[in-house]
Amino acid sequence: MEPVLTARVGKRDSRSIETYLADGGYAALRKAVTTMTPEQVTEEVKKSGLRGRGGAGFPCGMKWGYIPKDTGGKPIYLLCNADESEPGTFKDRLLMEEDPHQVIEGVAVSAYAIKCQLAYIYIRGEFWDGARILDAAIAEAKAKGFLGKNVMGSGREIEIVVHRGAGAYICGEETGLIESLEGKRGQPRIKPPFPAVYGVFGCPTIVNNVETLACVVHIVNRGAEWFSKIGRNEKNTGPKLYCLSGHVNRPGVYEAPMGLPLKELIFGDAYGQGMKGGKKVKAVIPGGASAAMLTAADIEDCPLDFDGVAAKGSMLGSAAIVVMNEDTDIVDAATNLAKFFAHESCGQCTPCREGVPWLYKVLLRINAGEGREEDIDLLLRISNQMANGMTICVFADAAIAPVLSSIGKFRDEFVARVRAGRAPAAAGVSA
Amino acid sequence: MSHLRYSLTSAGEPAVFPPDALKKIDAILALYPTKQAALLPVLWVAQETWGWISREAAEEVARILELSPAHVDGVLTFYTMYHLRPVGRHVLQICTSISCHIGGAGKLLDHCRKRLGIGLEETTPDGKFTLLEVECIAGCDRAPSMQVNDAYHEPMDVAKLDALLDRLSREA
């Protein structure tokens, strides 16, 4: 496939507005504001089948459609979710650092579609470069009259403000992001009301991921039909950025049609080029830390799209594929993942605030060879008390996924660690 | 875990923003419909100004934005990037999330501990280095990844880390 979202990555001066214009940039914005109504843009996005690239895979056009027709005079906000912090994910960083104008144009076109005059890009605090690059790009676009009070002479106003976070994974959750933007702790809100009705500053709000908004540029340029024909089926459409990391020969961001076989991503010449040192695959995390691990058998026939990965009992999430080879210590990997979640729980719901640190503590002792065999079932019991609607957001569901899947698929390793830890002869096994 | 974020400490003197910082704060306030929404960006200005955020700085931010000091406290202790104690000139942030973890981040951390003689969240007595762990910074394809202040250094290994620390030691 010809790259779409990453077509300009690696080109000389790819960040400048001049090269972006030379490559046909801002044509989608011009087309939208001068020849289409906002409703027509929304309709096109609906028809394209674009599903959100942030993790949940919710249909983008449908989300936009939830904004009330009559907002009672309240402004509508668009928030670009650039909080990319799901472990294993690094595609939005690439888009923002290498082709910021594509992101800006995507925000502007989408703002036009939902009738938003002031959009915020909520970018995680650690992306210092990303924020500086976006700020510079916005200034360039303003100077050309592409943003501001009168976008391309259309009479429409669109302003974009870059807002930096300050270090909190949960601010990637859309209502956590909204709370954070309001100047509060990023603790997710109970839904409903959904943000489209009651979002930031009590106004209708749409939160979309960076990659999702970048897709909108190309949908407007080339049409919904073109977009919907890329991908495995009509429910999984468009080009997709896959973040490949771990024990592969060539980690990186790869663009391919939605539904690329996982095996091809790891072994294909155009992608990962196989396992480092010719080792075997032991486990693959297909969608970031929140996604259940897959085994080597699972990857034989797993299309990388929302439904394909779901059919394997996991999720595509943010398309962060972390590959672990046969030498990887699964107990240690599960402990590392649990540590992440234990640190990042926002603390407002008891099952999560208490449960995740306990998962971590129990895993720590198993990993250190000090566990008991009943600890393995204890982990499952704690997990099952935390999720499935016990909490405000899905953080707890995410936190238990690596625990349940690693025990479910690699229980032998947990048992072996516990037994080895207790047998003096096996000293030195613990990580 | 790794952050200087548990409670506020006093700087022992009042915090007064210099004129250029106040100008930045005015510009920030114009970007939001509420004063509270300016809190995170204004706290960034405070950290740029003093290098960390003292109790006095937090109170000054609260006064400017018409928020309760308790609210500002709550926000400061929620986010990991605000330093609630003075830090070294070079803040070493080593990513230890899954891709970096299986890519050798532990070795980098151990090496820093040994070479600098400090633990996590500690600063060398000469004030040059602070050592922090950071969670996934989207450098997974260049694992293990790290940041020093606002700049990425990736992929990292012990030899490159040594060269970097040598250079930074000479600079400071």
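Basis of the calculations
- Residues numbered from 1 in each chain as written.
- Chains lettered and ligands numbered in written order.
- Predicted model: local features only at pLDDT ≥ 70, side-chain atom pairs only at ≥ 80, totals over all residues.
- Pairing = 2+ DSSP bridges.
- Helix = DSSP H or I, 4+ residues; strand = E, 2+ residues; numbered from the N terminus.
- Axes fitted to C-alpha atoms, helices over the stretch in contact; angles between N-to-C directions.
- Parallel < 35°, antiparallel > 145°, perpendicular 65-115°, else oblique.
- Contact = placed C-beta atoms within 7 Å.
- Nonpolar A, V, L, I, M, F, W, Y, C, P; charged D, E, K, R; others polar.
- Core = buried A, V, L, I, M, F, W, Y, C linked by C-beta atoms within 7 Å.
- Buried ≥ 20, exposed ≤ 12 C-beta atoms within 10 Å, placed from the backbone.

**What to know about the sheet that holds strand β2 (residues 129-134) of chain B**
All names here are of chain B.
Phase 1: With mixed pairing, 4 strands are arranged side by side in an open sheet as β2-β1-β3-β4. Both outer strands of the open sheet, β2 and β4 (151-153), are each paired with one neighbouring strand and no more. Each strand of the sheet is rotated relative to its neighbour by a mean of 25°, with strand direction disregarded.
Phase 2: Strand direction decides the pairing type here: strand β1 (residues 90-95) and β2, joined by 6 bridges, are parallel.

**A short note on the packing of helix α3 (residues 38-48) of chain A against helix α9 (residues 210-222) of chain A**
Residues and elements named next belong to chain A.
Phase 1: The geometry of α3 relative to α9 is characterised by a closest axis approach of 10 Å and an angle of 100° between their N-to-C directions. The orientation of α3 with respect to α9, classified from their angle, is roughly perpendicular. Contacts between α3 and α9 involve V41, E44, V45 and S48 on the former and, on the latter, V216, I219 and V220.
Phase 2: A per-class count over the contact of α3 with α9 returns 5 nonpolar, 1 polar and 1 charged.

**Observations concerning the sheet that holds strand β7 (residues 239-246) of chain A**
Phase 1: With respect to topology, 5 strands assemble into an open sheet ordered β8-β7-β13-β10-β11 (chain A), the strand pairing being mixed. The open sheet has two free edges, formed respectively by β8 (252-257) and β11 (294-295) of chain A, since each of these has just one partner strand.

**Quick notes on the interface of chain A and chain B**
Phase 1: Listed by partner, the interface residues are 42 residues for chain A and 34 residues for chain B.
Phase 2: Of all the secondary-structure elements, those providing two or more residues to the side of chain A that touches chain B are β3 (159-164), β7, β8, β13 (320-325) and α13 (330-344) of chain A.
Phase 3: Considering each element in turn, the side of chain A that touches chain B owes the most residues, 5 residues, to α13(A).
Phase 4: Its residues assigned to classes, the side of chain A that touches chain B shows 19 nonpolar, 16 polar and 7 charged.

**A short note on the nonpolar core**
All names here are of chain A.
Phase 1: Judged by nonpolar contacts, the single largest core of 193 residues is most densely connected at V107, A108, V109, Y242, V284 and I321.
Phase 2: Sort the elements by how many residues they give to this core and helix α16 (residues 395-422) lands first, with 11 residues.
Phase 3: What I321 contacts, discounting residues up to four positions off in sequence, is Y242, C243, L244, L265, V284, I285 and P286.

**A look at the pairing of β8(A)**
Residue and element names in this part refer to chain A.
Phase 1: In this structure, β7 lies alongside β8, joined through 6 bridges in antiparallel fashion. Looking at the pairing, L244 lines up with G252 of β8.
Phase 2: Once β7 ends, the chain turns through 5 residues before running back antiparallel as β8.

**Examining helix α8 (residues 174-181) of chain A**
Residue and element names in this part refer to chain A.
Phase 1: Counting buried positions along α8 yields 8 of 8 residues, so the element is predominantly enclosed.
Phase 2: Along α8, the residues that are buried comprise E174, T175, G176, L177, I178, E179, S180 and L181.
Phase 3: Those residues of α8 that are buried lie in contact with β1 (77-82), β2 (118-123), β3 and β4 (205-209).
Phase 4: Positive phi shows up at G183, right after α8, with a value of about 90°.

**A closer look at the pairing of β13(A)**
Residues and elements named next belong to chain A.
Phase 1: Summarising burial for β13: 5 of the 6 residues are buried, a large majority.
Phase 2: Where β7 and β13 come together, 4 bridges link them in parallel fashion. Bridge pairing in β13 places G246 opposite V323.
Phase 3: Inspection of the sheet shows strand β10 (residues 281-285) paired to β13 by 4 bridges, in the antiparallel sense. Across the sheet, residue A283 finds its bridge partner in β13, namely M324.

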